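Observations on the three-dimensional arrangement
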Amino acid sequence: MKITRVEAIPYRIPYRKPLRFASGEVHAADHVLVRVHTDDGVVGVADAPPRPFTYGETQRGVVAVIEDLFAEQIVGTTLLERETVRARLERTVGNPVAKSAVDMAMWDALGRNLDLSVGDLLGGHTDRMRVSHMLGFETPEAMVDEAIRMRDTHGITVFKVKVGRRPVELDTAVVRALRDGLGDGIELYVDGNRGWTAAESARAMDEMADLGLTLAEELCPADDVVSRRWLVQRLGVPFVADESATTPAEVTREILGGSATAVSIKTARTGFTGSVRVHHLCEGLGVDVVMGNQIDGQLGTACTVAFGAAFASTSRRAGELSNFLDMSDDLLVEPLTIQDGELAVPPGPGLGVEIDPDKLAAYRIDR
Ligand code: MUC
Ligand code: MG
């Protein structure tokens, strides 16, 4: 179980259509595949999706921090020393996505070594999750068409709508068109990625009061401390902290400070070891959680569903598990499939997925 080598492989897979939201846009999956090798021949994998607009990481930066700093701190430890590895990586500030991929690749390797699934090692609550699809900025017609396609093809009935444009009517018109076009059988919630002020958010939420929204996420910046608390207090739905609550300490500050009433857990930024902490903290604080999407490919999505399905509270709400459908291709031998609005945890040891060597060779950009 001793780690002998850590690889960080940059690759690029274009999206069929870009995903646009208030803090940025993504045209290609410029990710890093992390592989952890052990002395008994086991290889664990995980994905690092750099998100400069959220954490400041870049693809080259992720490769560099893993190769230049993390690899030598990890090699020589065993797969059972995940807390030791975490403590060593935490000596470097920031770099959440790079750290998380290392952590999850270790969990994958541990599962393969023990012939147990990561989901069972983490909690074993269930083997699937309902899926929520994230709709990026487009015209109302295009967003309604996409939602109908997702419902008719994959049975998805939960949608997170990106908002945060100005004027707010650009977005409220979309949410209204979705409710009108798809009826009361769908669940709708909104994510502003800090695009609006608190006052704009309040006006938009008032305007959408009859649309039955279930959650509102990061509508305005957490740094607008007083006005955000004012907004959160006057809303009738939970306010989800996403990019403002990326560590247990940030979760504590946001929730106890009254700046959020629910938390998005993203394995891409807290790995499994850190996500367990966030999940337990939220349970202790008594706040709702959502399994969020870091615009993940299939490997990242396999990590999210493995973690989300492992616990009761993380599997209660639909998880954001479908945006890989917008990619032109992916790395897995056996693609993930969403059926009847659900994604099953891939069966098998570790994460239950295999990387296709031909696809990796075709998309890696380091040779
Ligand atoms: C989300 O939930 O915000 C877009 C930016 C980011 O950090 O994650 C995605 C989705
Ligand atoms: Mg979000």
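Computed from a prediction, not measured in an experiment: that's the story for all the values here.

Description of the overall build of the protein chain
Scanning the protein chain from terminus to terminus reveals 14 helices and 13 strands. Principal axes of the C-alpha set define a box for the protein chain whose edges measure 60 × 40 × 35 Å. Going through the 367 residues of the protein chain one by one, you find that 59% of them count as buried. Long-range contacts, defined here as pairs at least 24 residues apart, represent 74% of the contacts in the protein chain between residues at least 6 apart. For the protein chain, the exposed surface amounts to about 14,000 Å²; the carbon and sulfur share of it is 50%. Distance between charge centroids for the protein chain: 3 Å, based on 39 positive and 55 negative side chains.

Side note on the nonpolar core
Core analysis: the biggest nonpolar cluster contains 116 residues, and Ile66 and Val190 have the highest contact counts within it. Among the elements that line this core, the one with the most residues is helix H4 (residues 96–114), at 10 residues. No fewer than three residues from each of domain 1 (3–115 + 357–363) and domain 2 (120–344) sit in this core. Those residues within four positions of Val190 in sequence are excluded, and the remaining contacts are Val161, Val163, Val175, Met205, Met208, Leu213, Leu215, Ala216, Glu217 and Leu219. If you look at the next biggest cluster of nonpolar residues, it comprises 7 residues, including Val158, Leu215, Val240 and Val290.

Describing the site of ligand 1
Close to ligand 1 lie 14 residues, the nearest being Thr54, Lys160, Lys162, Asn193 and Gln294. Note that an oxygen atom of ligand 1 is positioned 2.7 Å from one of the side-chain N or O atoms of Lys160. For ligand 1, the accessible surface in isolation is 280 Å², of which the surrounding protein chains cover 100%. Of all the secondary-structure elements, those providing two or more residues to the shell around ligand 1 are helix H1 (52–55) and strand S5 (158–162). Looking at the shell around ligand 1 residue by residue, the class counts come to 4 nonpolar, 4 polar and 6 charged.

Digging into the coordination of the magnesium ion (ligand 2)
The coordination sphere of the magnesium ion (ligand 2), as far as protein atoms go, consists of Asp191 (OD), Glu217 (OE) and Asp242 (OD), spread over 2.0 to 2.2 Å. Judged by its relative accessible area of 0%, Asp191 falls in the buried class.

Here we look at the pairing of strand S1 (residues 3–21)
Two strands pair when backbone bridges link them, and S1 and strand S2 (residues 24–38) are joined in this way by 14 bridges, in the antiparallel orientation. Across the sheet, the residue bridging to Phe21 is Gly24, located in S2. In textbook terms, the turn of a hairpin is the stretch between consecutive antiparallel strands, and for S1 and S2 this stretch comprises 2 residues.

Here we look at the domain arrangement of the protein chain
Taken as a whole, the protein chain is organised into domain 1 (3–115 + 357–363) and domain 2 (120–344). Computed from C-alpha atoms alone, the centre-to-centre distance between domain 1 and domain 2 is 23 Å. Tallying the contact residues gives 38 residues for domain 1 and 40 residues for domain 2. Each partner contributes to the roughly 3,500 Å² buried at the junction of domain 1 and domain 2, and carbon and sulfur atoms together form 62% of this total.

Quick look at the side chain of Ser275
Secondary-structure assignment places Ser275 in helix H11 (residues 267–285). The exposure class assigned to Ser275 is buried, which follows from its relative accessible area of 0%. Not counting residues within four places of it along the chain, the set of residues in contact with Ser275 comprises Ile265, Lys266, Thr267, Thr270 and Phe307.

Considerations on the pattern of salt bridges
By the definition in use, this model includes 30 salt bridges. Salt-bridge contacts for Glu200 lead to Arg166; the nearest nitrogen and oxygen are separated by 2.7 Å. Linking Glu200 in helix H8 (residues 198–207) with Arg166 in the loop between S5 and helix H7 (169–182), this pair joins segments that are 34 residues apart in sequence. Taken together, the shared-partner salt bridges connect Lys160, Lys162, Asp191, Glu217 and Glu320 into one network.

Rules used throughout
Residues numbered from 1 in each chain as written. Chains lettered and ligands numbered in written order. Predicted model: local features only at pLDDT ≥ 70, side-chain atom pairs only at ≥ 80, totals over all residues. Heavy atoms only, no water. Helix = DSSP H or I, 4+ residues; strand = E, 2+ residues; numbered from the N terminus. Buried < 20%, exposed > 50% of the residue type's maximum accessible area, 1.4 Å probe, protein only. Contact = heavy atoms within 4.5 Å. Areas by Shrake-Rupley, 256 points an atom, 1.4 Å probe, with all protein chains shown as cover. Lys, Arg positive; Asp, Glu negative; His and termini not counted. Charge placed at Lys NZ, Arg CZ, Asp CG, Glu CD. Core = buried A, V, L, I, M, F, W, Y, C linked by side-chain atoms within 4.5 Å. Domains from an automatic or database assignment. Near = heavy atom within 4 Å. Polar contact = N/O pair within 3.5 Å; in protein donor to acceptor, adjacent residues only side chain to side chain. Nonpolar A, V, L, I, M, F, W, Y, C, P; charged D, E, K, R; others polar. Donors = N, O, S within 2.8 Å, 3.2 Å for Na, K, Ca; no water. Pairing = 2+ DSSP bridges. Buried area = accessible area lost by both parts, 1.4 Å probe. Salt bridge = Lys/Arg side-chain N within 4 Å of Asp/Glu carboxyl O.

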